[in-house]
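Chain by chain, the residues run as shown.
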Amino acid sequence: MKWLFLVCLVLAYFVHSHQYVPKSTKSEEEVTREAADLLLKQLEEEQKTGLRSPITKVLLEVFEVPKELTKFEGPDGPVPREDAMCVLCNSVFGNFIDRRRIDGQSRDEIAAFAKEFCAALQIYPPRVCDGVVELNADVIMHIVDNRPEYDETHLCAFVFQNLNCAADMSSFEWTVNVNANKPPLSGDKDTSVGRGPNDISIVHISDPHYDPNYLEGTHAVCGEPVCCRSDQPLPPGSPAEERAGYWGDLRDCDSPFRAVQNAFQHIRSQHQSIDYVYFTGDIVDHGVWATSQDWNKNSMRRVHTSLRESFGGIPVYPVIGNHEAHPTNVFAPSTITNQALSSSWLYNFLADEWSSWLPAAALSTVRQGGYYTVLVRPGLRIVALNNNECYTFNFWIVYNPQYARTQLQWFHDTLLAAEAANEKVHVLGHIPSGTGDCYRVYAREYARIVERFWNTISAQFMGHTHADQFTIFYAPSNPYQAVNVQWNGGSTTAFSDVNPNYKYYTADSQTFQINRHETWIYNLTQANLSPQLYPSWFRAYDFETEYGINNMSPATLNQLVENFARTPQRLRRYWELTSSMGDTSLANGCDNTCLSNQLTQIARNIHGNCPRCEQLHLIFWATNP
């Protein structure tokens with residue numbers, strides 16, 4: 001509790017030096033809030049002088065933001081000192097809101113202080129702070145101005161859902177109208193289908209994160225959210241191992257175009273039979289402080305062109321990643337018609353880009369909200385969601401917490417029509433709903449839909465996490481009953497600590513259940529030792545062979561995850577494969593807490609509500625006291 005001791009020490013000094021007398025004994029939360037308020041006051045005063053007082057220096061140490069909170073994809077596990085971070089968040093957002101609503105400060109005045117605060121706490125380097133604040137200020141000001149019923153507690157509880165900050169979130173509640181005629185299912189869904197000559201083949205590509213600024217030889221440990229860029233030269237005297245590699249880098253670096261193109265070309269040459277390509281988003285790089293509509297469009301256009309050239313004649317079914325938006329993560333409701341804030345530029349651009357792959361009927365809903373459905377062959381329908389609407393860094397949800405309901409209701413109604421037509425469905429999206437940064441109300445309603453259509457949805461395919469993972473979906477009405485499986489495509493980028501990878505599946509031609517799953521990778525460390533050669537891709541593993549199972553039904557995978565909980569060495573092997581055996585991941589290791597978190601990732605569908613996780617954790621910790 002070093003941080004609390006320092007808080008008390010600073011406040012005691014401040015009280016004594018100003019001859020204040022404490023009114024009463026204060027709770028830990030009250031003390032922390034006073035310290036956070038004092039920090040903001042000190043920073044405001046010192047913004048004018050440019051001098052940093054001893055008190056401020058200590059407070060900045062007290063409220064040092066954990067690295068888990070500075071990652072742009074959001075934390076998906078426990079965050080250190082979450083109580084203190086909630087108090088700090090409430091204090092900061094409360095200060096900004098008061099400046100606007102009470103003091104009448106301008107957008108630029110508030111943005112200037114936000115930049116100072118971001119840099120002082122070293123949340124990001126100054127130029128990153130300046131860019132991120134500048135790009136997002138208009139959206140946040142619009143929300144603060146037009147939603148007076150929401151205060152700092154709502155913002156913090158939503159944006160930092162993983163911190164479990166206290167707030168009355170009842171106004172953020174909503175439900176989808178779910179048809180009650182669910183086909184009966186006793187026990188776990190058990191769809192054991194063997195491999196056959198008529199199976200369809202699917203390639204799953206995700207998260208290339210093409211960086212036009214990538215330059216080999218630059219600084220790969222630059223201290224910014226993404227490194228290896230042309231404006232990040234290697235400082236004199238830096239060790240050689242900090243140089244960015246030719247084919248990419250295992251540190252916080254995105255992909256050079258040659259690596260993106262090589263992945264597509266390898267896939268096409270390696271797999272002679274490909275029926276469909278599922279592309280689950282995130283083309284744009286992690287330089288979120290410097291995006292623009294034109295920048296994002298140019299990156300998307302170049303990757304789409306490479307996809308068309310590499311897979312000419314093969315249908316590609318894409319979805320939108322959270323990085324495609326400008327500002328990053330921000331997807332405005334259709335009611336926002338102000339062109340400076342609207343997302344219509346993105347949806348219209350993608351509809352034009354995807355017109356060579358999708359029929360006109362599908363493009364109409366892409367223009368509306370970035371989602372679509374296509375009957376790709378008799379009996380198989382694809383439903384592609386823009387589930388960035390659930391992302392907790394999508395500030396527009398605070399403006400209208402219910403706007404994602406429209407798309408999820410469409411999803412439900414599309415599945416209902418597919419059920420009536422005796423079609424099976426593959427669901428595509430970007431953000432897995434079970435991650436901690438998908439808002440729990442959305443995740444809950446999504447899980448209700450998946451349970452209702454357990455017999456219609458044959459498989460789900462997501463991206464975003466950059467990890468080679470799978471997630472079992474459990475019935476909300478019976479949280480121990482496995483009803484579906486969601487596959488994650490990993491990433492062709494190495495950001496961060498993962499070898500580039502893609503997935504190759506086959507599916508039964510009648511049920512369209514997945515009956516083969518292969519992950520292909522190359523060792524990036526080895527590839528960079530021979531930059532004159534193409535990377536040496538290889539099949540990392542076959543899922544059934546690796547885990548000793550004979551099918552990939554929800555029932556079998558539910559048994560598998562329990563086996564993971566009872567057999568830590570098998571769980572450790574799963575963790576190794578989630579990073580595609582990236583050398584830096586393997587070097588960093590995974591302790592028992594880390595392994596336990598892998599069980600959560602497999603079994604959690606809704607943030608803060610996972611009875612199956614609790615059951616698995618009990619088994620795991622009994623085995624690993």
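Read on for a plain summary of the structure. Residue positions are given per chain, counted from 1 along the sequence in the order it is written. Given that the model is predicted, a residue must reach a pLDDT of at least 70 before its local features are reported, and side-chain atom pairs must reach 80 or more before they are shown or counted; all residues, however, enter totals for whole chains, interfaces and linings. To obtain the side-chain values, all non-hydrogen atoms of the structure were included, while hydrogens and water were left out.

## Some thoughts on the overall build of the chain
And step 1. In terms of regular secondary structure, the chain is built from 22 helices and twelve strands.
And step 2. For the radius of gyration, the atom set is restricted to C-alpha positions; the globular benchmark scales as 2.2 Å times the number of residues to the power 0.38. Taken over C-alpha atoms, the radius of gyration comes to 25 Å for the chain, in line with the 25 Å a tight globule of 625 residues would show.
And step 3. Based on the C-alpha atoms only, the size of the chain along its principal axes is roughly 85 × 60 × 55 Å.
And step 4. Residue exposure (1.4 Å probe, protein chains only): buried if accessible area is under 20% of the type maximum, exposed if over 50%, otherwise partly exposed. Within the chain, the proportion of its 625 residues that are buried is 60%.
And step 5. Counted over contacts in the chain with a minimum sequence separation of 6, partners at least 24 positions apart contribute 73%.
And step 6. In these tables, accessible area is a Shrake-Rupley quantity obtained with a 1.4 Å probe, and a residue counts as shielded only by the protein chains included in the view. As presented, the chain carries roughly 24,200 Å² of accessible surface, and 50% of it is formed by carbon and sulfur atoms.
And step 7. Counting 48 positive and 69 negative side-chain charges, the chain places the centres of these two groups 2 Å from one another. In DSSP terms, a helix is any run of H or I states spanning at least four residues, a strand is any run of E spanning at least two, and both are numbered starting from the N terminus. Residues are treated as being in contact if the distance between any of their heavy atoms lies within 4.5 Å. Residues counted as positive are Lys and Arg, residues counted as negative are Asp and Glu, and His and the chain ends are not counted. Taken as the charge centre is NZ of Lys, CZ of Arg, CG of Asp or CD of Glu, depending on the residue.

## Side note on the nonpolar core
And step 1. Residues belong to a common nonpolar core when they are buried Ala, Val, Leu, Ile, Met, Phe, Trp, Tyr or Cys residues joined through side-chain atoms within 4.5 Å. Counting residues in hydrophobic clusters, the biggest one holds 187 residues, and the most contacted among them are Phe-411 and Trp-487.
And step 2. Element by element, the count of residues in this core is highest for helix H5 (residues 82–101), at ten residues.
And step 3. Formed by nine residues, the second largest nonpolar core is a distinct cluster that contains Cys-118, Cys-129, Val-132 and Val-226.

## Overview of the sheet that holds strand E8 (residues 470–475)
And step 1. Paired strands, as defined in this entry, are two strands with at least two bridges between them according to DSSP. Strand order in this open sheet of six strands is E4-E5-E6-E7-E9-E8, and the pairing throughout is mixed. Lying at the two open borders of the sheet, with one neighbouring strand each, are strand E4 (372–377) and E8. Mean inter-strand twist for the sheet, computed between neighbouring axes without regard to direction, equals 30°.
And step 2. Pairing of E4 with strand E5 (residues 380–384) involves five bridges; the strand directions are antiparallel. If you follow Thr-373 over to E5, its bridge partner there is Val-383.
And step 3. Angles shown run from 0 to 180 degrees and are taken between the N-to-C directions of axes, each axis being a line fitted to C-alpha atoms and, for helices, limited to the stretch in contact. Contacting E4, E5, strand E6 (424–428) and strand E7 (457–462), helix H14 (residues 404–420) runs over the sheet at an angle of about 180° to E5.

## A few points about the pattern of salt bridges
And step 1. Salt bridge criterion: a side-chain nitrogen from Lys or Arg within 4 Å of a carboxyl oxygen from Asp or Glu. Under the counting rule described, the total for this entry stands at 29 salt bridges.
And step 2. Between Glu-173 and Arg-440 there is a salt bridge, and its shortest N-O distance comes to 3.1 Å. Of this pair, Glu-173 sits in the loop between helix H8 (152–159) and strand E1 (200–205) while Arg-440 sits in helix H15 (residues 440–452), placing them 267 residues apart in sequence.
And step 3. On the basis of relative accessible area, Glu-173 is assigned to the partly exposed category, the value being 30%.
And step 4. The class for Arg-440 is partly exposed, based on a relative accessible area of 26%.
And step 5. Put simply, Glu-562 and Arg-566 hold a salt bridge, and the shortest N to O gap is 2.9 Å. In this pair, Glu-562 and Arg-566 both sit in helix H18 (residues 554–566), four residues apart, roughly one turn of the helix.
And step 6. When its relative accessible area of 24% is taken as the criterion, Glu-562 is described as partly exposed.

## Some details on the packing of aromatic side chains
And step 1. Working definition: rings of Phe, Tyr and Trp (its six-membered ring) pair if their centres are within 6.5 Å, and the pair is stacked with planes under 30 degrees apart, edge-to-face with planes over 60 apart, and tilted otherwise. Evaluation of the coordinates by the stated rule reveals 32 aromatic pairs.
And step 2. Between the aromatic rings of Tyr-371 and Trp-410, the centroid separation amounts to 4.6 Å while the plane-to-plane angle is 55°, which identifies the pairing as tilted. You can see Tyr-371 sitting in the loop between helix H12 (360–369) and E4 and its partner Trp-410 sitting in helix H14, a full 39 residues away along the chain.
And step 3. Among the residues examined, Tyr-371 registers a relative accessible area of 8% and is labelled buried.
And step 4. A centroid spacing of 5.7 Å and a plane angle of 10° characterise the contact between Phe-411 and Tyr-446, whose relative ring orientation is stacked. In this pair, Phe-411 sits in helix H14 while Tyr-446 sits in helix H15, placing the two residues 35 residues apart along the sequence. Considered together, Phe-411 and Tyr-446 belong to a single accessibility category, that of buried residues.
And step 5. Here the guanidinium or amino end of Arg-452 rests over the ring plane of Phe-453, the centre of that ring lying 4.4 Å away. By definition, being over a ring means that NZ of Lys or CZ of Arg is both within 6 Å of the ring centre and within 35 degrees of the ring normal.

## Details of the pairing of E6
In regular strands, side chains alternate between the two faces of the sheet.
And step 1. For E6, the tally of buried residues reaches five of five residues, placing the bulk of the element in the interior.
And step 2. In E6, alternate side chains face the same way, and those of Lys-424, His-426 and Leu-428 on one face and Val-425 and Val-427 on the other are all buried.
And step 3. In this structure, E5 lies alongside E6, joined through five bridges in parallel fashion. Residue pairing across strands places Arg-381 opposite Val-425, the latter belonging to E6.
And step 4. A clockwise course of the path from the first strand over the helix to the second, judged with the strands pointing away from the viewer, identifies a crossover as right-handed. The handedness of the E6 to E7 crossover, carried by H15, is right-handed.

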